[in-house]
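Coordinate inspection notes
Each chain, letter by letter, is given below.
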Amino acid sequence: MVRVDGPVRPSVIYKDIPFTENVNGEATLTDMRYEAPETLDAAVGLLAEESGVARVFAGGTDVMVQIHLDLIEPDLIVDVKNIAEMREVVEEDGSWRIGAAVTGKELMDNAAFNAAWPGVMDGVRLIGSVQVRGRATVGGNLCNASPAADSVPPMIAADAVASVIGPNGRRDVSMADIVTGPGQTSLEDGEIVVSFRLPKRPANSGDAYLRFTPRSEMDIAVVGCGINLMLDDGGTCTAARVSLGAVAARPLLVDDAANALIGTKVGDDAMEALAAAASAACSPIDDKRGTIEYRTEVAGVLAQRTAVIALERAKS
Amino acid sequence: MAKQYVNTTINGDSHELLCDPTQTLLDVLRDQLDMTGTKEGCGTGDCGACSVTMDGVLVCSCLVMGVEANGKSIDTIEGMADGDDLHPLQQKFIDHIALQCGICTPGLLVASKALLEENPDPTEEEIRYWLAGNLCRCTGYHKVIEAVQDAAREMRGA
Ligand code: FES
Ligand code: FES
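About the criteria used
- Residues numbered from 1 in each chain as written.
- Chains lettered and ligands numbered in written order.
- Predicted model: local features only at pLDDT ≥ 70, side-chain atom pairs only at ≥ 80, totals over all residues.
- Heavy atoms only, no water.
- Buried < 20%, exposed > 50% of the residue type's maximum accessible area, 1.4 Å probe, protein only.
- Helix = DSSP H or I, 4+ residues; strand = E, 2+ residues; numbered from the N terminus.
- Contact = heavy atoms within 4.5 Å.
- Salt bridge = Lys/Arg side-chain N within 4 Å of Asp/Glu carboxyl O.
- Phe/Tyr/Trp six-rings, centres within 6.5 Å; stacked < 30°, edge-to-face > 60°.
- Lys NZ or Arg CZ within 6 Å of the ring centre and 35° of its normal.
- Buried area = accessible area lost by both parts, 1.4 Å probe.
- Polar contact = N/O pair within 3.5 Å; in protein donor to acceptor, adjacent residues only side chain to side chain.
- Axes fitted to C-alpha atoms, helices over the stretch in contact; angles between N-to-C directions.
- Parallel < 35°, antiparallel > 145°, perpendicular 65-115°, else oblique.
- Left-handed = near helix turned anticlockwise from the far one by under 90°.
- Nonpolar A, V, L, I, M, F, W, Y, C, P; charged D, E, K, R; others polar.
- Domains from an automatic or database assignment.

The next subject is helix 1 (residues 25-32) of chain B. All names here are of chain B. The complete set of buried residues in helix 1 reads Leu25, Leu26, Asp27, Val28 and Leu29. At its buried positions, helix 1 is contacted by strand 1 (4-10), strand 2 (13-19), strand 3 (51-54) and strand 5 (73-75). One or two steps after helix 1, the chain reaches aspartate 34, where phi turns positive at roughly 55 degrees.

Here is the structure:
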């Protein structure tokens, strides 16, 4: 579709006319190329050769919206859904590797993965609608780089590592180090997130993600919190990771909040300390979804509620 | 870019098309194939009026590129009735007056059908969650839920 925005007839949509330039003489989307390579090397090559704007395309639930709203005008779309490694979910000795282009629905339908990482799935289940989850991917949710992305805090809490490929080869990047700000990532030009590895967890581990929203579905987190913790046989927390979404320019890994739990039985005092540390980590914005004060307060409460669920799962 | 050859199956019929990568699947259905049952509400994945299934998976056709339909099987509202025989969901939407202006209705029907294929006996809550991506400005949803429950009952033979 070609949307012509300009002084003459703003927002008129000419669907049938193969425009190559709009009323301002700018090139329009009819120049966009679509490629769907079957190998990572081919995808990397296509991105490296493109001098204009290129987008990696998986579920399309963000890229298509950005095109529709004229936020981007890609010259090249590289659809990665034909690349086998990006579409696989595999368990390897208790650790999991999930392709970055696996859809939310496919993960929801994978009973073994749901049992292994229920907290990650708490986040995935909250992405968009049924229709959106039929297409949207965890890789896309990460690379779209919204501070409020629902699958990112539980993946950070899970200590997931992204495998990234680009013109300079392949590298591992901690999930927490990819998003740097709204719409911004640490990925280099031409790099693709291929898959995520979630480490093996000992027994007595549990994870959870909660978000706070006015609506229960189809909403964007005011605050999101992912917690992953491990207990010893006596019920003492031996390791924890706490991640917060929507309270800063990027999803946060909050060490102080994890430290509030480690070494405790996650009783009342630990919960108080957890809430205080979570609130202290917040540097949110004021917007229509919540004020700075509100988000900061809610982050503490939400962290406690998330910890209760993670603890319950660790014990069961 | 030159248009790309797309070979797709829509409601069981094979179609060969030439699609520009800038066309969404919704554009292809409505403008190229004159299948205007699928509606555009928002174009951004928020309203569900454009719901179709692709290889059995419920999606927003406004968020799918036409060229992605290559090799895929698409089902739209046009394939729902069997000739003059309405699908039970369609009949129940009429019986329960689950529509007013009707712009959301094809999307709601396609989404409801996908729900009942996955879960033939959904609770009210499950229906409400499933249909959260289908916005309706007219009905207030209550009659939609009733129609889906009633159709589910009939389809189960209960
Ligand atoms: S038109 Fe596709 S979701 Fe609204
Ligand atoms: S009947 Fe009018 S929008 Fe649903």
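Additional details are given in the paragraphs that follow.
Attention shifts here to the pattern of salt bridges. Across all of its chains, the model carries 23 salt bridges over all chains by this definition. Between Glu35(A) and Arg33(A) there is a salt bridge; the shortest N-O distance is 3.3 Å. Among the residues examined, Glu35(A) registers a relative accessible area of 25% and is labelled partly exposed. For Arg33(A), a relative accessible area of 28% corresponds to the partly exposed category. If you follow the salt bridges from partner to partner, you end up with Asp79(A), Lys81(A), Arg135(A) and Glu68(B) in one network.

Moving on, we come to the packing of aromatic side chains. Residues and elements named next belong to chain A. Counted by the stated rule, this structure contains two aromatic pairs over all chains. For the ring pair tryptophan 96 and phenylalanine 113, a centre distance of 5.3 Å and an interplane angle of 75 degrees mean the geometry is edge-to-face. Placement of tryptophan 96 in strand 7 (residues 95-99) and of phenylalanine 113 in helix 4 (residues 111-116) is noted, with a sequence separation of 17 residues between them. For the pair shown, tryptophan 96 and phenylalanine 113 are each scored as buried. Residues phenylalanine 212 and tyrosine 294 carry aromatic rings whose centres are separated by 6.0 Å and whose planes lie at 70 degrees to one another, so their mutual orientation is edge-to-face. Here the residue phenylalanine 212 occupies a position in strand 13 (residues 205-212), and tyrosine 294 occupies one in helix 11 (residues 292-315), the gap between them amounting to 82 residues. We classify phenylalanine 212 as partly exposed; its relative accessible area is 27%. When its relative accessible area of 37% is taken as the criterion, tyrosine 294 is described as partly exposed. Above the ring of tryptophan 117, the side-chain terminus of arginine 201 is found at 3.7 Å from the ring centroid.

Glancing now at the interface of chain B and chain A. Facing the 35 residues of chain B at the interface are 32 residues of chain A. Together, the buried faces of chain B and chain A total about 2,700 Å²; carbon and sulfur atoms form 61% of this surface. Seen at the junction of chain B and chain A, the total is three salt bridges. A salt bridge links Glu68(B) to Lys81(A); its shortest N-O distance comes to 2.7 Å. Applying the counting criterion to the chain B and chain A interface returns eight residue pairs in polar contact (both at pLDDT 80 or more). For the side of chain B that touches chain A, the elements supplying multiple residues, two or more each, are helix 1, strand 3, strand 4 (57-60), helix 3 (105-118) and helix 4 (124-130) of chain B.

A word on the packing of helix 2 (residues 88-95) of chain B against helix 5 (residues 142-156) of chain B. Residue and element names in this part refer to chain B. At a minimum axis separation of 8 Å, helix 2 and helix 5 run at an interaxial angle of 135 degrees. One element, helix 2, and the other, helix 5, form an angle in the oblique class. For the pair helix 2 and helix 5, the sense of crossing is right-handed. Mapping the contact onto sequence places Pro88, Leu89, Lys92 and Phe93 in helix 2 and Val144, Ala147, Val148, Asp150, Ala151, Glu154 and Met155 in helix 5. Of the residues assigned to the contact of helix 2 with helix 5, the class counts are eight nonpolar, no polar and three charged.

Further remarks concern the domain arrangement of chain B. All names here are of chain B. Along its sequence, chain B is organised into domain 1 (4-77) and domain 2 (88-156). Each of domain 1 and domain 2 was reduced to a C-alpha centroid, and the two centroids are 22 Å apart. Listed by partner, the interface residues are 12 residues for domain 1 and 12 residues for domain 2. The junction of domain 1 with domain 2 conceals about 930 Å² of combined surface from both sides, 69% of it contributed by carbon and sulfur atoms. Counting across the interface, domain 1 meets domain 2 through zero salt bridges. Put simply, domain 1 and domain 2 have three residue pairs in polar contact (both at pLDDT 80 or more) between them.

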